Amino acid sequence: MRRLFGPIFIGAILAFCSHVSSPRAFAAAPSFAVSATNVTMPLSQSQYGSSTFTLTSVNGYTGGPQVTCAAINPPAEAKLPTCYQHGLMPALPANGTLNGEILFIAPGQPPPPEPAGLLHRPGHAAAGMVLAAMLFFGFRVRRRAARWLTLALFAIGALGGLAAISACGGSGNSMTPGVYSYQVTATDASSGNTASTTISVTIP
């Protein structure tokens, strides 16, 4: 019996170590992955480049990662489009996927209007500005507040009109032709987890 004790003891230790080191012994942390499509910028200054990105939940992750975009090591003096996530994104469901849009805007090109969902959201920024103006000036000076608000809206409209005119006036391409690498990054502000992918942006 003593001769069998050694091999049995060693076998038990090996079995225990194998169980502890198995993938099942450690629960995989929830995370996410991101992918995106390549972009070809339009020649017209009235159109925008667009990339569709996909967020994929891994190991039951749920949350709302923020998606950012930037050129990788852009050449000096090159005029390249800027990019950003466009529109609202719902929460990523566990083990599910979500699609979103990244807009690419040429230098000097005005950004597009906000999606209808943002314009009709309760507490929209414009409504918040109006409310803040009313609180700042006080309800007793409604006439002054209304006059100030009218002037502010007129100034904003004038600036928007000038931007649109300047954008439509340029017939040539304001960007530097070539193929450039952009990095699309998804970041969870709560956990600090990130995922990224690289796409190509072609400027004809």
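Let me begin by describing the structure that accompanies this report. Once a new chain begins, its residue numbering starts again from 1 and follows that chain's sequence as written. In view of the model being predicted, local features appear only for residues whose pLDDT reaches at least 70, and side-chain atom pairs are presented and counted only at 80 or more, with totals across whole chains, interfaces and linings using the full set of residues. Only heavy atoms go into the side-chain values, all of them from the structure, while hydrogens and water stay out.

Between any two strands, at least two bridges found by DSSP are needed for them to pair. Secondary structure counts use DSSP, requiring at least four H or I residues in a row for a helix and at least two E residues in a row for a strand, with both numbered from the N terminus. Reading across the sheet, the four strands line up as 1-3-6-5 and stay open at both edges, with antiparallel pairing between neighbours. Looking at which strands have only one partner, the edges of the open sheet turn out to be strand 1 (31-36) and strand 5 (82-86). Each strand axis lies, on average, 30 degrees off the axis of its neighbour in the sheet, ignoring direction. One ladder, built from eight bridges, connects strand 3 (residues 49-58) with strand 6 (residues 97-105); its direction is antiparallel. Within strand 6, the position partnered with Phe53 by the bridge is Gly100. Think of each axis as a best-fit line through the C-alpha atoms, taken over the contacting stretch in the case of a helix, with angles from 0 to 180 degrees between the N-to-C directions.

Now for the state of the cysteines. The term disulfide is used for any two cysteine sulfur atoms that are within 2.5 Å. The final tally for this structure, using the stated rule, is one disulfide. Each sulfur in the disulfide pair Cys69 and Cys83 lies 2.1 Å from the other. Note on the Cys69 and Cys83 pair: the S-S dihedral is about -95 degrees, so by sign convention the disulfide is left-handed. Within this pair, whereas Cys69 is found in strand 4 (residues 66-71), its partner Cys83 is found in strand 5, the two being separated by 14 residues in sequence. Using a relative accessible area of 13% as the deciding quantity, one classes Cys69 as buried. Exposure classes here rest on a 1.4 Å probe applied to the protein chains alone. A residue is buried below 20% of its type maximum, exposed above 50%, and partly exposed in between.

Another point: the nonpolar core. It is characteristic of soluble globular proteins that their nonpolar side chains tend to be buried jointly. Put simply, a nonpolar core is a bunch of buried Ala, Val, Leu, Ile, Met, Phe, Trp, Tyr and Cys residues held in one set by side-chain atoms that sit within 4.5 Å of each other. Ile102, Phe104 and Tyr182 are the most contacted members of the largest nonpolar core, which totals 25 residues. Those elements that place two or more of their residues in this core are strand 1, strand 3, strand 4, strand 6, strand 7 (178-187) and strand 8 (194-203).

Looking now at the environment of Glu114. By secondary structure assignment, the location of Glu114 is in the loop between strand 6 and helix 2 (116-119). Overall, the relative accessible area of 38% leaves Glu114 in the partly exposed class. Put simply, Glu114 and Gly87 are 27 residues apart on the chain and 7.2 Å apart in space, counted from C-alpha to C-alpha.

Among the structural elements, Thr185 can be located in strand 7. Among the polar contacts made by the side chain of Thr185, one reaches the side chain of Gln183 at a distance of 3.2 Å. Counting of polar contacts relies on pairs of N or O atoms within 3.5 Å, with two restrictions inside protein: one atom must be capable of donating a hydrogen and the other of accepting it, and residues adjacent in sequence are counted only when both atoms are side-chain atoms.

Moving on to the environment of Pro90. Structurally, Pro90 is set in the loop between strand 5 and strand 6. With 26 residues separating them in the primary sequence, Pro90 and Gly64 have C-alpha atoms 7.0 Å apart.

Here Gln85 is to be found in strand 5. Distance in space between the C-alpha atoms of Gln85 and Ile102 is 4.5 Å, their sequence separation being 17 residues. Excluding anything up to four places from it in sequence, Gln85 contacts Phe53, Gln66, Val67, Glu101 and Ile102. Within the local environment of Gln85, its side chain forms a polar contact with the backbone nitrogen of Val67, the two atoms lying 3.3 Å apart. Only heavy atoms matter for contacts: two residues are in contact if any of them lie within 4.5 Å across the pair.

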